[in-house]
Amino acid sequence: GPDRPDPELAATLTALADLLLFRGRYADGQPLIEEALRIRRAAHGALHPDVAESVGDLGVNLAQQGRVAEAAKYLREALEMQRRLHPGPHPDLAEALNNVGWALNSLNRPAEAEPLYREALAMNRRLLGEAHPEI
């Protein structure tokens, strides 16, 4: 029935939120991301790539609204999820590391941001090397 969580609806909400974000309409995108996250948690449980994506989206969107301290909470949660989902180098993990590094730097905590940025950089170099074996 209509009460069943629908991952397709969550994907559509996420696509629309991305469009709004691209156009700078962060406040308009906020409830869409929150709804997508609720649906994905209901459909997939606590730990799933789509749930991690929505948690990260929420953090990025809050950061774009200048709500950096609030954003950092979600970006950290997304990073913890990505670490559990990907024991090795992965683009989503590298992105999550960068996002938390950015938030910490924005909160005037560069000493905490630096190791995350360095880890992301090393990971991106490895991923690029794996993607481009001719290099």
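Rules used in this analysis
Residues numbered from 1 in each chain as written. Predicted model: local features only at pLDDT ≥ 70, side-chain atom pairs only at ≥ 80, totals over all residues. Heavy atoms only, no water. Helix = DSSP H or I, 4+ residues; strand = E, 2+ residues; numbered from the N terminus. Rg over C-alpha atoms; globule rule 2.2 N^0.38 Å. Buried < 20%, exposed > 50% of the residue type's maximum accessible area, 1.4 Å probe, protein only. Contact = heavy atoms within 4.5 Å. Areas by Shrake-Rupley, 256 points an atom, 1.4 Å probe, with all protein chains shown as cover. Lys, Arg positive; Asp, Glu negative; His and termini not counted. Charge placed at Lys NZ, Arg CZ, Asp CG, Glu CD. Core = buried A, V, L, I, M, F, W, Y, C linked by side-chain atoms within 4.5 Å. Phe/Tyr/Trp six-rings, centres within 6.5 Å; stacked < 30°, edge-to-face > 60°. Lys NZ or Arg CZ within 6 Å of the ring centre and 35° of its normal. pLDDT = per-residue confidence, 0-100. Polar contact = N/O pair within 3.5 Å; in protein donor to acceptor, adjacent residues only side chain to side chain. Salt bridge = Lys/Arg side-chain N within 4 Å of Asp/Glu carboxyl O. Expected span 1.5 Å × (residues − 1).

The number of helices and strands found in the chain is six helices and zero strands. Along the chain direction, N to C, the helices and strands of the chain fall in the order α-α-α-α-α-α. Computed over C-alpha atoms, the radius of gyration of the chain comes to 16 Å, within 12% of the 14 Å expected from 2.2 N^0.38 for 135 residues, which places it in the range of a compact globule. The principal-axis extent of the C-alpha atoms belonging to the chain is close to 50 × 35 × 25 Å. Within the chain, the fraction of its 135 residues that count as buried is 36%. Pairs at least 24 residues apart make up 53% of the contacts formed inside the chain by residues separated by at least 6 positions. Of the roughly 8000 Å² that the chain leaves accessible, carbon and sulfur atoms contribute 53%. Distance from the positive charge centre (15 side chains) to the negative charge centre (20 side chains) of the chain: 4 Å.

This brings us to the nonpolar core. Core analysis: the biggest nonpolar cluster contains 20 residues, and Val 55 and Leu 58 have the highest contact counts within it. Those elements that place two or more of their residues in this core are helix 1 (7–22), helix 2 (26–44), helix 3 (49–64) and helix 4 (68–85). Considering each element in turn, this core owes the most residues, six residues, to helix 3. What Val 55 contacts, discounting residues up to four positions off in sequence, is Leu 37, Arg 41, Tyr 74, Glu 77, Ala 78 and Met 81.

Turning to the packing of aromatic side chains, a few remarks are in order. A complete count under the given rule lists zero aromatic pairs for this structure. Of note, Lys 73 hangs over the ring of Tyr 74, and the distance from its end group to the ring centre comes to 4.5 Å.

Turning our attention to the confidence of the model for the chain. Chain-level statistics for the chain give a pLDDT mean of 94 and a share of 96% at 70 or above. The secondary-structure element of the chain with the lowest mean pLDDT is helix 6 (residues 110–131), recorded at 94, while helix 4 shows the highest, at 98.

The next point concerns the side chain of Thr 14. By the secondary structure assignment, Thr 14 is in helix 1. One polar contact links the side chain of Thr 14 to the main-chain carbonyl oxygen of Ala 10, over a distance of 2.8 Å. Not counting chain neighbours up to four residues away, the residues in contact with Thr 14 comprise Ala 36, Arg 40, Glu 53, Ser 54 and Asp 57.

Per the stated rule, a full pass over the model turns up eight salt bridges. Across the pair Glu 77 and Arg 41 runs a salt bridge, and its minimum N-O distance is 2.7 Å. Of this pair, Glu 77 sits in helix 4 while Arg 41 is found in helix 2, placing the two residues 36 residues apart along the sequence. Judged by relative accessible area, which is 36%, Arg 41 ranks as partly exposed. Each of Arg 76, Arg 109 and Glu 112 takes part in one network of salt bridges that share partners.

On to helix 2. With 19 residues, helix 2 should cover 27 Å at 1.5 Å per step; its first-to-last C-alpha distance of 26 Å lies within 8% of that length. Those residues of helix 2 that sit buried are Gly 29, Gln 30, Leu 32, Ile 33, Ala 36, Leu 37, Ile 39 and Arg 40. As for helix 2, its buried residues are in contact with helix 1 and helix 3. Following helix 2 by one or two positions, Gly 45 adopts a phi angle in the positive range, close to 90 degrees.

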